[in-house]
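Coordinate analysis (summary)
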Amino acid sequence: MNAENPKPIIVLENLVKIYRQGKLEVPAVRGVNLEIKSGEFTAISGPSGSGKTTVLNIIGALDDPTDGKVFVEGIHLASLSRSALSKLRRDRIGFVFQAYNLIPVLTAFENAEIVLALQGVAVKDRRERVMGLLADVGLEGMEHRRPDQLSGGQQQRVAIARAIASNPAVVLADEPTANVDSSTAEKLLSIMEKLNRKQHVTFVFSTHDQKVMDRARRIIHLVDGKISNDEIRE
Amino acid sequence: MRVFKMAWRNVWRNRRRTIVTIAAMSLALFSMIQYSGLMTGYLHGMERNILDLEMGDIQIFASDYLDKPSIYNRIENPGDLIKKLEAAGYHASGRLKGGGLAAGENSSAGAVFRGVDPGQDASVSDVYKHVLRGEWLDVGEPAGIVIGRRLALSLDVDVGDEVVVLSQAADGSMANDLFKVQGVLKSIGEEVDRGGIYMIDQTFRELMVVPDGVHQIIVRKPPTVPLDKATDEVASIADGADTRSWRQLTPTLASMLDSSRGAMYFMFVIVFLAIAIVILNAMLMAVFERIREFGILKAIGVAPWVVFKTVITETIIQTGLAIAAGGILSIPAAIYLSTYGINLSSMSGASIMGIAWDPIWKSSFSVQTFTGPVVMLAAIVLMAALYPALKAAFIRPVAAMHHR
Ligand SMILES: Nc1ncnc2c1ncn2[C@@H]1O[C@H](COP(=O)(O)OP(=O)(O)OP(=O)(O)O)[C@@H](O)[C@H]1O
Ligand SMILES: [Mg+2]
């Protein structure tokens, strides 16, 4: 991979999403063109209802676009079967949702390890990797806690560990800090930044929060389902 | 193993609901096992009574006896045939049969006389054990007769009383003799109860002037030989005679027993369908309150198949526990019911469709009595879990995330 000019891992071409509620049509995304490259630390911002979640869901193959094309690592998603999409999500995409990310009956360790287990990674390698990741997100010693024994911020850290465990091409995080207080949000952002710098994890996250936005190196601003501003900082 | 671990923990997430569900399943299983044991015992008992007291397994007649049941239609040389049958592993005994009138002091009634060889007959029939009062036939008492319960009532006679028997003998003369009631039978079956008179075969021959032959040979097969096969074999030994299995002789009874079995399975289906609804409800609740979780699993790339397996495994765990609990509880109850039974002596002497019925109703258990209800429970419960499991497996993550 060329560090100077990395190839895009996500390409959106003329993305359109119209939700249909009975006779009513709700245009959520109205022609978005976008490229995200490996190693980015990108925020998608915009007012409520501007289409942030919709865009992330479509990139993550959780939802189908009404029109336009989505490429993940060069693969046109529309060409994949349901089970291929499921496998793509498992192997190439990490997800962190706003809240309640974890499976309540599994411990922090088991939650973080689940994707690796599904991939059939050997128990020993799995253990090593997950223990390392939980330490990276600052949860050393809490591996055996169940989600209800963890704070909201700690739960999000487990979710981050789970999302990056399988070395995905990109981690999509939809408002990962919306349910935690601002100092916890700061800490989560620091963890994500560190993982981005040291382990080259590509993050795309949505947020309302100006402080969170300020930590991003690229901010894509959505208004009414369109990109109104695409700002690369640094 | 991961699926099992998750399923196991999920099962205990809502402890109370799980326990109620398992209890309902165990109870249904327990009652169905006992019910199936009692029904089997009832049907067995009924079948035993028909066969042991009256019918035997197979009967042989002279070729046209069943069309024209007359005193003249006899099997000649029954002794040879009986020897051949015994050599082939069967028990057999000839009987003489004829109709007439029996009279007590004040009343009379139609009767069917049966002439039996008490020694030989005991190998094919248990009727000798079913004497209510008095004694069974005794070759030393040629004038002694044993009569049906209701015949005794209608003639108003009892042990020790005299009965006059009237008929037309084979030589056309008037058959007419005085007998002494030596025993009164317990309920055997409609026909015997109302008009049965058992006498020593020699006495019958003298009364009816029948010097040789028998009207009927009752055959018992070894329990392991299937009825159809035994009937064919006996028919080939008794070439030229008319051989019938008890099922052919009493098709209504046979089909009644079969349909009682059918009714038993129908009952299973009804009870287990009710259980299926309980399970369906419990599993639907368990799935719907976890929609978001299933959405997360699907989102991070867990295959529908794995989600399906998880929900089904949860059901299997609960069913397995219910089978263990219901099965273990069933064993002492089964032992009790098959050893001591339920005492129905207040209905004693009752007969059902003309068949004698033992007042102690005992269960009859075999491996099938247990496996039948268990397999049916498992099958129906899994069917009930199918919909919730598929529902969970095919949840769309985006829709599930909205759910909270
Ligand atoms: N499932 C749906 N059915 C119908 N309309 C929907 C659905 N999901 C989203 N929308 C609509 O699509 C538009 C974009 O929604 P989206 O959730 O993508 O916005 P958002 O930027 O994530 O908002 P927020 O900041 O509140 O999370 C909104 O108008 C919303 O009402
Ligand atoms: Mg949103």
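Shown above is the structure to which this text applies.
Residues numbered from 1 in each chain as written. Chains lettered and ligands numbered in written order. Predicted model: local features only at pLDDT ≥ 70, side-chain atom pairs only at ≥ 80, totals over all residues. Heavy atoms only, no water.

Turning our eyes to something else, we now look at the overall build of chain B. Summing up its helical and strand segments, chain B has 14 helices and 14 strands in all. Relative to the compact-globule value of 22 Å for 404 residues, chain B shows a C-alpha radius of gyration of 31 Å, a clear excess of over 25%. Its C-alpha atoms put chain B at 100 × 45 × 30 Å along the principal axes. A total of 404 residues make up chain B; the buried ones form 51% of that total. Across chain B, contacts joining residues at least 24 apart in sequence account for 79% of those joining residues at least 6 apart. Of the roughly 18400 Å² of accessible surface on chain B, a fraction of 61% belongs to carbon and sulfur atoms. Within chain B, one finds 37 positive and 38 negative side-chain charges whose respective centroids are separated by 25 Å. (Helix = DSSP H or I, 4+ residues; strand = E, 2+ residues; numbered from the N terminus. Rg over C-alpha atoms; globule rule 2.2 N^0.38 Å. Buried < 20%, exposed > 50% of the residue type's maximum accessible area, 1.4 Å probe, protein only. Contact = heavy atoms within 4.5 Å. Areas by Shrake-Rupley, 256 points an atom, 1.4 Å probe, with all protein chains shown as cover. Lys, Arg positive; Asp, Glu negative; His and termini not counted. Charge placed at Lys NZ, Arg CZ, Asp CG, Glu CD.)

In this complex, chain A contributes 25 residues to the contact, which on the side of chain B involves 21 residues. Buried area between chain A and chain B, both sides added, is near 2100 Å², and the carbon and sulfur share of it is 63%. On inspection of chain A and its partner chain B, the count reaches four salt bridges. The interface formed by chain A and chain B includes ten residue pairs in polar contact (both at pLDDT 80 or more). Considering each element in turn, the side of chain A that touches chain B owes the most residues, six residues, to helix H3 (residues 108–119) of chain A. Of the residues assigned to the side of chain A that touches chain B, the class counts are 13 nonpolar, four polar and eight charged. (Buried area = accessible area lost by both parts, 1.4 Å probe. Salt bridge = Lys/Arg side-chain N within 4 Å of Asp/Glu carboxyl O. Polar contact = N/O pair within 3.5 Å; in protein donor to acceptor, adjacent residues only side chain to side chain. Nonpolar A, V, L, I, M, F, W, Y, C, P; charged D, E, K, R; others polar.)

On to the pattern of salt bridges. Opposite charge on two side chains lets them pair, provided their charged atoms get close. One pass over the full model with this rule turns up 33 salt bridges over all chains. Residues Lys-17 of chain A and Asp-63 of chain A are paired through a salt bridge, measuring 3.3 Å at the closest nitrogen-oxygen approach. Separated by 46 residues along the polypeptide, Lys-17 of chain A in strand S1 (residues 8–21) and Asp-63 of chain A in the loop between helix H1 (52–59) and strand S4 (67–72) bring together distant segments of the chain. With a closest N to O distance of 3.6 Å, Glu-47 of chain B and Arg-261 of chain B form a salt bridge. Taken together, the residues span a long stretch of sequence, with Glu-47 of chain B in helix H2 (residues 15–55) and Arg-261 of chain B in helix H10 (residues 251–288) at a distance of 214 residues. In this structure Glu-47 of chain B comes out as buried when scored by relative accessible area, which is 16%. Overall, the relative accessible area of 29% leaves Arg-261 of chain B in the partly exposed class.

Turning our eyes to something else, we now look at the side chain of Glu-175 of chain A. All names here are of chain A. Within the secondary structure, Glu-175 sits in the loop between strand S7 (170–174) and helix H6 (182–199). One buried charge, Glu-175, has no salt-bridge partner; the nearest side chain with opposite charge is Lys-52, at 4.4 Å. The contacts of Glu-175, once residues within four sequence positions are left out, are Lys-52, Gln-98, Ser-206 and His-208.

We now examine the nonpolar core. Ranked by internal contacts, the top residues of the largest apolar core, which has 107 residues, are Leu-12 of chain A together with Ile-60, Leu-85, Ile-217 and Val-219 of chain B. Among the elements that take part in this core, H2 of chain B stands out by supplying 13 residues, more than any other. Counting 38 residues, the second-largest nonpolar core is a separate cluster that includes Ala-108, Ile-160, Leu-189 and Met-213 of chain A. (Core = buried A, V, L, I, M, F, W, Y, C linked by side-chain atoms within 4.5 Å.)

What the rule picks out here adds up to four cavities of 30 Å³ or more. In this structure, the largest cavity encloses a volume near 60 Å³. Around the largest cavity sit Arg-89, Arg-90, Ile-93, Gly-94, Phe-95, Val-115, Arg-162, Ala-163 and Ser-166 of chain A together with Ile-300 of chain B, which together line it. The element contributing the most residues to the lining of the largest cavity is strand S6 (residues 93–96) of chain A, with three residues. Residue composition of the lining of the largest cavity, by class: five nonpolar, two polar and three charged. (1 Å grid on protein atoms, 1.4 Å probe; cavity = no way out; pocket = protein on both sides within 12 Å on 5 of 7 lines; lining within 4 Å. Points joined across faces, edges and corners; volume = space filled by probe spheres on them.)

What follows concerns the layout of surface pockets. Put simply, the largest pocket is a space of about 560 Å³. Together, 22 residues line the largest pocket, and Thr-53, Thr-54, Asn-57 and Asp-174 of chain A together with His-402 of chain B are the ones closest to its centre. For the lining of the largest pocket, the secondary structure elements donating two or more residues are H1 of chain A together with helix H14 (397–402) of chain B. When residues in the lining of the largest pocket are grouped by element, the largest group, four residues, is from H1 of chain A. Here the residues of the lining of the largest pocket sort into seven nonpolar, ten polar and five charged.

Attention now moves to the packing of H2 of chain B against helix H12 (residues 304–339) of chain B. All names here are of chain B. Contact pair H2 / H12: the axes reach a minimum separation of 8 Å and the direction vectors enclose 35°. Between H2 and H12 lies a crossing of right-handed hand. A breakdown of the residues in the contact of H2 with H12 according to their chemical character gives 14 nonpolar, nine polar and no charged. (Axes fitted to C-alpha atoms, helices over the stretch in contact; angles between N-to-C directions. Left-handed = near helix turned anticlockwise from the far one by under 90°.)

Moving on, we come to the packing of H3 of chain A against helix H5 (residues 152–165) of chain A. Residues and elements named next belong to chain A. Relative to each other, H3 and H5 sit at 20°, their axes nearing to 7 Å. Overall, the two elements H3 and H5 adopt an arrangement that is roughly parallel. Note on packing geometry: the crossing formed by H3 with H5 is right-handed. Between H3 and H5, the residues in contact are Ala-108, Asn-111, Ala-112, Ile-114, Val-115 and Leu-116 and Val-158, Ala-161, Arg-162 and Ala-165, respectively. Across the contact of H3 with H5, the residue classes tally to eight nonpolar, one polar and one charged. (Parallel < 35°, antiparallel > 145°, perpendicular 65-115°, else oblique.)

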